[in-house]
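# Structural overview
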Amino acid sequence: MKKYFVIFAILMLLLGCSSSAEKKDQAVEKTVAKEKNETLEVVEKTATNNVGSFYENESDFLEEEKQDTPKVEEIVEQKPETTPELFSKNVKVTSDLDYIYVESNGMPPHETGEFPNPANPNTIKQQNYKFKFALKPVLASKNTKLPMGPVGIAFNGVPIYNPYNAEGADAVKAEIFDQCEGHPDPQGRYHYHQLSDCIEGSKEKIHTAIGLSFDGFVIYGLTDSSDLDECNGHADKERGYHYHATTTFPYIMGCYSGVPEASDFDQNTGKLPPPPQNGNSPPPR
Ligand SMILES: [Zn+2]
Ligand SMILES: [Zn+2]
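The shown structure was predicted, so the numbers you read here are calculated from the model rather than taken from an experiment. (Residues numbered from 1 in each chain as written. Chains lettered and ligands numbered in written order. Predicted model: local features only at pLDDT ≥ 70, side-chain atom pairs only at ≥ 80, totals over all residues.)

On to the overall build of the protein chain. Counting its secondary structure elements, the protein chain contains four helices and 13 strands. Contacts in the protein chain between residues far apart in sequence, at least 24 positions, make up 64% of those at least 6 positions apart. (Helix = DSSP H or I, 4+ residues; strand = E, 2+ residues; numbered from the N terminus. Contact = placed C-beta atoms within 7 Å.)

Shown next as structure tokens:
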């Protein structure tokens, strides 16, 4: 009996040892596997965190790796397309693959001052504006001077003029405007030389889009940013190249950085730079 017990005990010991050894091996394997997974997870998390904290998405990250400081031309490529929804309802907008076509009677959808008045003999008259804007604007190798007459359009259908009056002086300083910073020229065209208080949100939020330049680039609200170029524009990753209104000269645009649509220019006065004049002052424009 004792002999059997001893044999039984030895057998149990052997079995016990082997099975616990197996279990131990399995446990080790599991731990290793678990550790591997955890390591992977940690790596993944670290990678995600890095991307998340500096880049919107992975393609931006890859883009950044290729080129530390993207050129303005590359930023322009990323410009989101201008949509007809930006225009107010009094403006008719259609588009094809290349252009956005805008029709406006030029009557501001906001109150205006009394015209004519002692400071301005002109009357506001309905117009028949038909402008087209490149949907994919491109920067030109050289800036283009702004013509007289419309140089772009506000999304409310009112044309934007360059910063000069007919005498080539600073229009904002030399001319009288109504409560919406507009006035009519001799052809009855109501227009802005500076940001209008009657364009909603443009003074509170810098990147409120207010209009389109004839070169297809968007004009945004008031900024005091010091990195604006002589055309009053700059580029960022979200918006590509764009213009800003400023409280100082040139107030809206100083020139075209892109290629302007020449067919949009005023056929009578559009080709002329501000003429220097002596003596008699013509009516405000
Ligand atoms: Zn900006
Ligand atoms: Zn004017």
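The next subject is the environment of Thr246. Along the chain, Thr246 turns up in the loop between strand 12 (240-245) and strand 13 (256-258). Among the residues examined, Thr246 registers 19 C-beta atoms within 10 Å and is labelled partly exposed. Separated by 24 residues in the primary sequence, Thr246 and Leu222 place their C-alpha atoms 5.2 Å from one another. Ignoring sequence-local partners within four residues, the contact set of Thr246 consists of Leu222, Thr223, Asn232 and Tyr251. (Buried ≥ 20, exposed ≤ 12 C-beta atoms within 10 Å, placed from the backbone.)

Judged by pairing direction, the sheet is antiparallel, and its three strands sit side by side in the order 1-2-3 without closing on themselves. The open sheet has two edge strands with one neighbour each: strand 1 (92-95) and strand 3 (129-134). Direction aside, neighbouring strands of the sheet carry axes that sit 20 degrees apart on average. (Pairing = 2+ DSSP bridges. Axes fitted to C-alpha atoms, helices over the stretch in contact; angles between N-to-C directions.)

On to the pairing of strand 1, then. Direction of pairing for strand 1 relative to strand 2 (residues 99-104): antiparallel, over a ladder of four bridges. Each residue of the ladder has a partner; that of Thr94, found in strand 2, is Tyr101. Here strand 1 hands over to strand 2 after three residues, the two strands then running antiparallel side by side.

With 65% of its residues at a pLDDT of 70 or more, the protein chain has an overall mean of 77. This model gives residues 5-69 a pLDDT under 50, and the stretch forms five contacts once residues within four places in sequence are excluded. Overall, residues 273-280 carries pLDDT values under 50, and its contacts beyond four positions in sequence, including any with other chains, amount to seven contacts. (pLDDT = per-residue confidence, 0-100.)

Before going further, it helps to examine the pairing of strand 5 (residues 150-154). Of all five residues that make up strand 5, five are buried, and the element is covered over most of its length. Two elements, strand 5 and strand 6 (residues 159-161), share three bridges in a ladder whose sense is antiparallel. Its bridge partner being in strand 6, Ile153 is matched across the sheet by Pro159. Linking strand 5 to strand 6, which pair antiparallel, is a turn of four residues; within it Gly157 sits at a positive phi near 90 degrees. Where strand 5 and strand 9 (residues 209-213) come together, three bridges link them in antiparallel fashion. Opposite Ile153, over in strand 9, you have Leu212 as the bridge partner.

So, on to the environment of Met253. For Met253, the location among the structural elements is in the loop between strand 12 and strand 13. Look at Met253 and you get buried, because 27 C-beta atoms sit within 10 Å. When residues no more than four places from it in sequence are discounted, the contact partners of Met253 are Leu146, Val151, Gly152, Ser213, Ile219, Cys231, Asn232 and Tyr243.

Across the junction of Phe115 and Pro116, the peptide omega takes the value 0 degrees, indicating a cis bond. Mapped onto the secondary structure, Pro116 falls in the loop between strand 2 and strand 3. With a phi close to 60 degrees, Glu181 is a non-glycine residue in the positive phi region. Its place among the elements puts Glu181 in the loop between helix 4 (171-174) and strand 7 (182-184).

Considering the arrangement of structural elements, one finds Pro250 in the loop between strand 12 and strand 13. Separated by 80 residues in the primary sequence, Pro250 and Asp170 place their C-alpha atoms 8.4 Å from one another.

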